[in-house]
Amino acid sequence: MHLGIDEPRECQYNQICTHNSSPMETPHSKKRKVKRKWQIFPGRNKFYCNGRIMMAKQTGVFYLTIVLILVTSGLFFAFDCPFLASNLTPAIPAIGGVLFLFVIGMLLRASFSDPGVLPRATPEEAADVERQIDAANGAGGPGYRPPPRTREVVINGQTVKLKYCFTCKIFRPPRASHCSLCDNCVERFDHHCPWVGNCVGKRNYRFFYLFILSLSFLTIFIFAFVITHVILRSNRTGFLSALKDSPASVLEVVVCFFSVWSIVGLSGFHTYLISSNQTTNEDIKGSWSTKRGKDNYNPYSYGNILTNCCAALCGPLPPSLIDRRGFVQPDTPQPAAQSNGTNTCPTTQLQSHMAAVTTPLLHAQPILLGGGPVLQPKPSVGGPCSALGPGQPSLPSSIPGLSCGGEVLALHDSENHCHHHLHHQHFISPEETPCAAHLGHHMPLYDPASQDSLHEDSVRGLVKLSSV
Amino acid sequence: LWQTHSLQDLRQQAAIASKVFVQRDYTSGTICKFQTKFPSELETRIEKQQFEETVQTLNNLYAEAEKLGGKSYLEGCLACLTAYTIFLCMETHYEKVLKKIAKYIQEQNEKVYAPLGLLLTDPIERGLRVVEITIFEDRSIGSR
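Residues numbered from 1 in each chain as written. Chains lettered and ligands numbered in written order. Predicted model: local features only at pLDDT ≥ 70, side-chain atom pairs only at ≥ 80, totals over all residues. Heavy atoms only, no water.

### A short note on the packing of aromatic side chains
Now for step 1: Within this structure, the stated rule accounts for 18 aromatic pairs over all chains.
Now for step 2: For the ring pair A:Phe207 and B:Tyr84, a centre distance of 4.6 Å and an interplane angle of 90° mean the geometry is edge-to-face. Of the two residues, A:Phe207 sits in helix α4 (residues 205–237) while B:Tyr84 sits in the loop between α3 (70–81) and α4 (93–113), which places them in two different chains.
Now for step 3: Classification of A:Phe207 as buried rests on a relative accessible area of 1%. (Phe/Tyr/Trp six-rings, centres within 6.5 Å; stacked < 30°, edge-to-face > 60°. Helix = DSSP H or I, 4+ residues; strand = E, 2+ residues; numbered from the N terminus. Buried < 20%, exposed > 50% of the residue type's maximum accessible area, 1.4 Å probe, protein only.)

### Observations regarding the packing of helix α2 (residues 48–65) of chain B against α4(B)
Residue and element names in this part refer to chain B.
Now for step 1: Running from N to C, α2 and α4 point in directions that differ by 170°, and their axes come no closer than 9 Å. Taken together, the axes of α2 and α4 are roughly antiparallel relative to one another. Note on element contacts: α4 touches α2 through His93, Tyr94, Val97, Leu98, Lys100, Ile101, Tyr104, Ile105, Gln108, Val112 and Tyr113, opposite Gln50, Phe51, Glu53, Thr54, Thr57, Leu58, Leu61, Tyr62, Glu64 and Ala65. (Axes fitted to C-alpha atoms, helices over the stretch in contact; angles between N-to-C directions. Parallel < 35°, antiparallel > 145°, perpendicular 65-115°, else oblique. Contact = heavy atoms within 4.5 Å.)

### Details of the sheet that holds strand β8 (residues 184–186) of chain A
Residue and element names in this part refer to chain A.
Now for step 1: In space, the three strands of this open sheet follow the order β3-β8-β7, with antiparallel pairing throughout. Edge strands, defined here as strands with exactly one partner in the open sheet, are β3 (117–118) and β7 (177–179).
Now for step 2: Of the pairings in the sheet, the one linking β3 to β8 comprises two bridges and is antiparallel in character. Bridge assignment links Leu118 to a residue of β8, and that residue is Cys185. (Pairing = 2+ DSSP bridges.)

### Notes on the environment of B:Glu43
Residues and elements named next belong to chain B.
Now for step 1: Mapped onto the secondary structure, Glu43 falls in the loop between β1 (16–23) and α2.
Now for step 2: The class for Glu43 is exposed, based on a relative accessible area of 54%.
Now for step 3: Along the backbone, Glu43 and Leu74 are 31 residues apart, and their C-alpha atoms lie at a distance of 45 Å.

### Brief notes about the interface of chain A and chain B
Now for step 1: Each partner contributes to the interface: chain A provides 37 residues, whereas chain B provides 30 residues.
Now for step 2: Roughly 2,700 Å² of surface becomes buried between chain A and chain B when both sides are summed, with 67% attributable to carbon and sulfur atoms.
Now for step 3: Counting the surface chain A buries against chain B, the share from its top three residues, A:Glu125, A:Cys314 and A:Pro316, is 21%.
Now for step 4: Applying the counting criterion to the chain A and chain B interface returns two salt bridges.
Now for step 5: Measuring nitrogen to oxygen at the nearest pair gives 3.8 Å for the salt bridge that ties B:Lys19 to A:Glu124.
Now for step 6: If you look at where chain A meets chain B, you find three residue pairs in polar contact (both at pLDDT 80 or more).
Now for step 7: Broken down by secondary-structure element, the contributors of at least two residues to the side of chain A that touches chain B are α2 (91–112), α3 (123–137), β4 (150–155), α4 and α8 (305–314) of chain A.
Now for step 8: In terms of residues, the side of chain A that touches chain B owes the most to one element, α8(A), which gives five residues.
Now for step 9: Its residues assigned to classes, the side of chain A that touches chain B comprises 26 nonpolar, four polar and seven charged. (Buried area = accessible area lost by both parts, 1.4 Å probe. Salt bridge = Lys/Arg side-chain N within 4 Å of Asp/Glu carboxyl O. Polar contact = N/O pair within 3.5 Å; in protein donor to acceptor, adjacent residues only side chain to side chain. Nonpolar A, V, L, I, M, F, W, Y, C, P; charged D, E, K, R; others polar.)

### Comments concerning the pattern of salt bridges
For side chains bearing opposite charge, pairing can occur when the charged atoms are close.
Residue and element names in this part refer to chain A.
Now for step 1: This model, assessed by the stated rule, comprises 15 salt bridges over all chains.
Now for step 2: In this structure, Lys202 and Glu187 form a salt bridge, with 3.6 Å as the shortest nitrogen-oxygen distance. Placement of the pair is Lys202 in the loop between β10 (198–200) and α4 and Glu187 in the loop between β8 and β9 (191–193), with a sequence separation of 15 residues.
Now for step 3: You can call Lys202 partly exposed: its relative accessible area is 26%.
Now for step 4: In this structure Glu187 comes out as buried when scored by relative accessible area, which is 12%.

In structure tokens, the structure reads:
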């Protein structure tokens, strides 16, 4: 603080070194620690073993699945198998063992692999697509609301609409869908399975199917042989003392009894889906149902059941498109990371790219970025509600349509297993996301953009649903 | 006449003028196939036929990778029987073809595209969404 009477000499200051003032350019960053791509992955996934294992963010139910299978099978091998092996045949524990290992193997494979995540567009790609969309829609003055961003393509005689994903900044390939839980576009999206702790998509559908199929066999196997065990014992010693001698059997029977209905039902449902080459998403929406139109048929089906099954289960395994373990090149442009799930602090380069990419969107759509007001879907149950499949962009749970979507789903009994999440699912609104705080700390520029983009996504989703 | 560049020169020294993206062609379903439509930005740089030939060859290679047939079924069944552990020691058919594609693109870049001031990016690096063609500034004529 100067007083006017101070001599000039006392007002001399050392020039502040501006090098270290920016928080990004700390001495540590000069070491140039090379990162792997999974560390800067923009989706809401968790990675383990240095990027080899990839799962969804919420894995609680997956651990429950593991525990149920391990405990039930463990009890079976420990308490029932000795009796069965000695009184019937040792083949029983042998077959049970093989089945059990196969089940666990398939479960781990389904849970840990990349379901077919589509990497987000690089900034140049996104800009190019924006240009094409603007050219297609024509210039409009302020207040002009352009039509929803879709492209139509004719596949095997059927017209399919390709939708634009605002989070990933790409036109989704046919059959791809954006998972709101994982915040990724997934190819051939089937559904997000909390029991498996991952999305089920193109790359892990066969593992998921083999898991539920082998689990059905295992459940029926254990159920049947535990009952056999109890019956054989009660023939000798009476029913109650049989139960007393082998108390674990009761628990196993209870678990298996309830599992059999849901798992066998689910296997049956997925067998139907595979044989008709549909995804759960398409089946729920009735995309290829003849109810939509006389000429409506599934353009992806190969025509006969055997080919469909072979294609789904024995076809070539596509590679992962996201290269989790690759190293980040320091000079490559980073893809749009609008989600709230970034694992690490993005670089300034990312910030500038983001600024370049998000501002056109923000400027072009002033009406929809209101944040608060959400379009209410029409009250009719048929169209919009049944379209609320698991793969839709994140929709706020305040939509009344969600509850009637639940009713539509309840008709598919066997799906309750994996679709409970739709009832309980937290369609994550920006306020709930824990990472919003991180975003606010590291990138003040992002917070409004990412929140708005989620709202934008959801509002656009509704606009499209009501217009379709 | 355009000044010819070597691939090395291009990557290190030339400035990027623009990028062209060749999008996917979904008319045959979800198989990996790129549009053979000739982008207008390349009109002055390369012949239409050459470009179409490159894209068509790429499409054929991807079709080979995704082909359903006796060989892929055998691989699938064998893998299933070994609980997919066989892929710890063996490459999948798709991965083998991807290597072939990478080699093809490298070769095309060296022989055809780099001398014209263009660079193809392997689609796998863009999630099989686009074939990215980078157009470099030509220093002999000046910036476009």
